[in-house]
Protein chains: 2
Amino acid sequence: MKTAILTVGTEILFGQIVNTNAAFLSQELQNMGYDVMYHYSVGDNPGRLKELINFAFHDCDLILTTGGLGPTQDDLTKEVIAEAMGDVIVENEECMKALLDNYKKAGRTMTPNNLKQGYMPSRARVLPNDAGTAPGFALEKDGKLIISMPGPPREMKRMFELQVKPILESMQDSVIFYRIIRTFGLGESSMETVLLPLIDGQTDPTIATYAKEGECSLRVASKRATKEEAVAAVDRMIEDVNQLIGEYIYSYDDEDLVDVVGKLLLEKHITISCAESCTGGLFAAALTDIPGISEVFERGIVTYSNRAKMEELGVKAETLDKFGAVSPETACEMASGLAEKTGSDLCISVTGIAGPGGGTAEKPVGLAYIGIAYKGQVKAVKSQYRNVSRKWNRHYALLGMLNQVYQLIK
Amino acid sequence: MKTAILTVGTEILFGQIVNTNAAFLSQELQNMGYDVMYHYSVGDNPGRLKELINFAFHDCDLILTTGGLGPTQDDLTKEVIAEAMGDVIVENEECMKALLDNYKKAGRTMTPNNLKQGYMPSRARVLPNDAGTAPGFALEKDGKLIISMPGPPREMKRMFELQVKPILESMQDSVIFYRIIRTFGLGESSMETVLLPLIDGQTDPTIATYAKEGECSLRVASKRATKEEAVAAVDRMIEDVNQLIGEYIYSYDDEDLVDVVGKLLLEKHITISCAESCTGGLFAAALTDIPGISEVFERGIVTYSNRAKMEELGVKAETLDKFGAVSPETACEMASGLAEKTGSDLCISVTGIAGPGGGTAEKPVGLAYIGIAYKGQVKAVKSQYRNVSRKWNRHYALLGMLNQVYQLIK
């Protein structure tokens with residue numbers, strides 16, 4: 001079904017916020033087999049909004065809107081849509097009750113303009129808002145459908161998941177199921193080459209690769225009559241994918257590598273500490289973003305100077321002199337020194353050249369060595385990123401560290 | 001002038017990328033006094049693209065487009081715009097020469113489809129691309145103007161800055177100049193209240209406040225006949241702003257706090273080390289994102305466990321027992337212990353409750369104590385964020401640390 005996404009709000013036209021709602025809805029619709037033909041954004045202006053709705057409907061049968069459902073004078077989406085769909089706004093018992101209950105429960109006094117949220121187009125199907133006060137609605141006319149959701153992303157996403165998705169699913173005569181597989185260590189073109197026998201000539205399930213921030217993801221999707229059939233088809237294909245690139249896969253469920261690693265550390269209760277040079281605290285910061293990680297994360301040391309490497313981790317002056325701070329030898333001494341000091345089950349270190357300066361022909365920007373001390377063994381692994389920027393070199397070294405931990409404890 | 005922004009590309013409609021181009025152009029246009037009325041996004045489809053251009057022009061006089069200028073079959077923006085503006089595509093000597101030179105210089109072989117980039121609408125004003133191969137163009141008809149730029153944000157921004165901005169400026173009979181003032185420590189509504197005498201009834205310069213990730217920014221803008229007059233008016237107003245909230249301001253030039261702090265540390269050559277608990281390495285990671293910071297940043301220690309706080313920083317067991325890990329006493333001992341260990345000029349520490357769990361009535365989630373050891377003095381400062389999420393609590397504690405450093409060394 002041809003679909004348009006219409007986001008309403010002056011803050012978008014002012015460039016104060018980036019339109020993430022449109023991207024989120026596009027992905028979701030795409031995944032459900034809807035064809036998104038247009039994104040439109042317009043301010044809180046009734047004339048232009050109405051014109052845009054009419055324009056969109058001459059080509060599309062479904063419009064999803066976000067924004068403009070709030071209680072202020074500006075918020076006119078509901079009124080304009082009612083008019084465009086030949087309907088009128090009336091008090092809605094269900095909405096009014098929910099609204100009054102909400103305010104009562106929160107013990108807040110309602111200002112008169114909030115009453116607006118108790119009104120709806122007379123033929124609308126109300127979509128309750130689990131995460132805020134403004135309800136959404138669906139309104140149909142002559143086979144054309146508008147579904148209207150609030151603008152704040154948290155409210156919109158929750159309403160989409162609970163209310164809108166089921167409606168859209170019920171309108172399709174087939175079901176699309178997909179999984180996003182996340183990998184590390186294999187570039188997009190290498191992955192495509194390896195998977196070519198599966199991708200080529202394949203109509204269902206389909207396989208698509210996406211490069212993303214130093215990683216590569218894979219979307220395996222199937223469109224079948226029932227969900228069971230689609231799931232089975234996807235899972236059969238994933239078995240074949242596994243045969244070819246299984247060693248690079250860390251999630252079949254679109255999880256981030258740091259979350260996968262954090263979960264494993266907590267499940268297996270493996271204590272961890274880290275010593276960072278080029279990443280400067282990124283590893284510790286990423287891991288400690290996970291609630292409850294304090295159970296296994298003991299400490300992190302950012303040894304940015306050579307002196308800190310020696311004092312904190314017992315790296316030998318000779319090692320630094322002979323091999324340099326960025327070397328497998330230094331990475332190993334960092335990790336084993338940290339293990340000795342902390343007694344953590346797993347100690348990981350990194351030393352590299354983040355750039356933009358400091359690179360040489362022998363040790364170019366983007367080079368890093370990752371040291372790991374685990375179960376009495378110490379080793380170093382080389383990581384080399386194509387030098388794009390300091391930011392990405394640091395990020396790639398972080399992913400390399402996480403991947404080393406993952407490979408050891410999975 | 002009424003303006004529409006039109007982004008072309010299937011990857012936007014698929015939700016694979018978020019439309020940051022539209023937000024960037026909106027901000028820039030807004031700052032130059034153009035009224036952005038619409039954002040449109042459409043795939044690489046000639047029919048829909050042409051229809052959208054016609055629709056946009058019935059209300060707007062200027063359309064800025066991005067995307068669809070590349071060498072592939074898909075890239076049809078140029079051809080469609082030419083047709084919509086009653087023009088034809090012809091070989092363009094300037095473009096063809098630049099194209100051939102580019103390939104020659106890079107030593108790359110040109111595929112035939114690349115030749116497309118040597119063609120232009122016959123009446124177009126060519127906009128050279130400093131950061132890529134696809135040139136942009138401006139094309140006018142009957143007082144309506146389309147300016148077309150490539151899609152990759154880096155190329156688009158550079159072309160906008162060098163080529164498009166001067167054109168747009170020349171079309172205005174007045175000049176808008178503005179400064180973005182960045183502050184920390186004052187909420188948006190408090191700031192508005194304090195600045196009310198300046199905001200109220202002020203038509204030029206205008207003052208607008210923006211809340212952003214725990215901070216609050218201020219935009220002071222003036223529209224005058226010449227740039228000199230506008231600059232003078234803005235700077236006069238900023239003097240008045242300074243009288244009222246000067247102590248909270250850390251940049252008059254829209255710089256990030258971490259960059260301001262990093263620059264000051266490098267300029268004054270003040271060495272720094274940090275000891276982090278709740279921020280878990282964010283401070284070290286933020287500071288080490290600055291190229292060259294290794295000159296002053298000595299080390300960071302993420303003391304996530306009590307044991308690490310004692311072993312690494314010499315925090316006393318009695319202190320942890322009596323006052324708890326999240327207390328001014330612990331924060332002070334962390335900072336002074338670090339100072340003793342490292343000898344860095346400035347040592348900063350933080351200990352807090354990031355959440356979502358671990359809060360009590362007395363020590364709620366979002367509470368943090370920042371310790372500072374500087375010039376022989378040690379003190380602790382309390383920071384309390386309204387608890388939104390672990391992420392924001394950690395971010396706010398980071399800003400608090402940066403602000404403490406800034407206040408001491410500015």
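Residues numbered from 1 in each chain as written. Chains lettered and ligands numbered in written order. Predicted model: local features only at pLDDT ≥ 70, side-chain atom pairs only at ≥ 80, totals over all residues. Heavy atoms only, no water.

Structural notes on the sheet that holds strand β3 (residues 62-66) of chain A
Okay, so step 1: Taken in spatial order, the 12 strands of this open sheet run β6(A)-β7(A)-β8(A)-β3(A)-β1(A)-β2(A)-β2(B)-β1(B)-β3(B)-β8(B)-β7(B)-β6(B), and their pairing is mixed. Every other strand in the sheet has two partners, leaving β6 (125-127) of chain A together with β6 (125-127) of chain B as the edge strands with one partner each. Sheet twist, expressed as the average angle between the axes of neighbouring strands with direction ignored, equals 15 degrees.
Okay, so step 2: Sheet topology places strand β3 (residues 62-66) of chain B next to strand β8 (residues 144-149) of chain B; 5 bridges connect them, and they run parallel. Paired with B:Thr66 across the bridge in β8(B) is B:Met149.
Okay, so step 3: Against the sheet, helix α3 (residues 46-57) of chain A touches β1 (2-8), β2 (35-42), β3 and β8 (144-149) of chain A together with β2 (35-42) of chain B, its axis set at about 170 degrees to β2(A).
Okay, so step 4: The strands touched by helix α4 (residues 77-84) of chain B are β1 (2-8), β3, β7 (136-141) and β8 of chain B; relative to β7(B), the strand with the most contacts, the crossing angle is about 10 degrees. (Pairing = 2+ DSSP bridges. Helix = DSSP H or I, 4+ residues; strand = E, 2+ residues; numbered from the N terminus. Axes fitted to C-alpha atoms, helices over the stretch in contact; angles between N-to-C directions. Contact = heavy atoms within 4.5 Å.)

Considerations on the interface of chain B and chain A
Okay, so step 1: Chain B puts 59 residues into the contact, and the matching count from chain A is 59 residues.
Okay, so step 2: A combined buried area of about 4800 Å² lies between chain B and chain A, and 52% of that area is made up of carbon and sulfur atoms.
Okay, so step 3: The interface formed by chain B and chain A contains 10 salt bridges.
Okay, so step 4: A salt bridge links A:Glu298 to B:Arg307, with the shortest nitrogen-to-oxygen separation between them at 4.0 Å.
Okay, so step 5: In terms of residue count, the dominant contributor to the side of chain B that touches chain A is β2(B) (7 residues).
Okay, so step 6: Its residues assigned to classes, the side of chain B that touches chain A comprises 26 nonpolar, 20 polar and 13 charged.
Okay, so step 7: Bridging between β2(A) and β2(B) involves 5 bridges; their strand directions are antiparallel. When the sheet's bridge partners are listed, A:His39 is paired in β2(B) with B:Ser41. (Buried area = accessible area lost by both parts, 1.4 Å probe. Salt bridge = Lys/Arg side-chain N within 4 Å of Asp/Glu carboxyl O. Nonpolar A, V, L, I, M, F, W, Y, C, P; charged D, E, K, R; others polar.)

A word on the relation of the copies chain B and chain A
Okay, so step 1: The operation relating chain B to chain A is a screw motion whose rotation component is 180 degrees, with 0.2 Å of axial translation and a residual RMSD of 0.3 Å. Interpreted geometrically, this transformation is the action of a two-fold axis.
Okay, so step 2: Both copies share a contact surface, since 100% of the interface residues of chain B are interface residues in chain A too. (Least-squares fit on C-alpha atoms with pLDDT ≥ 70 in both.)

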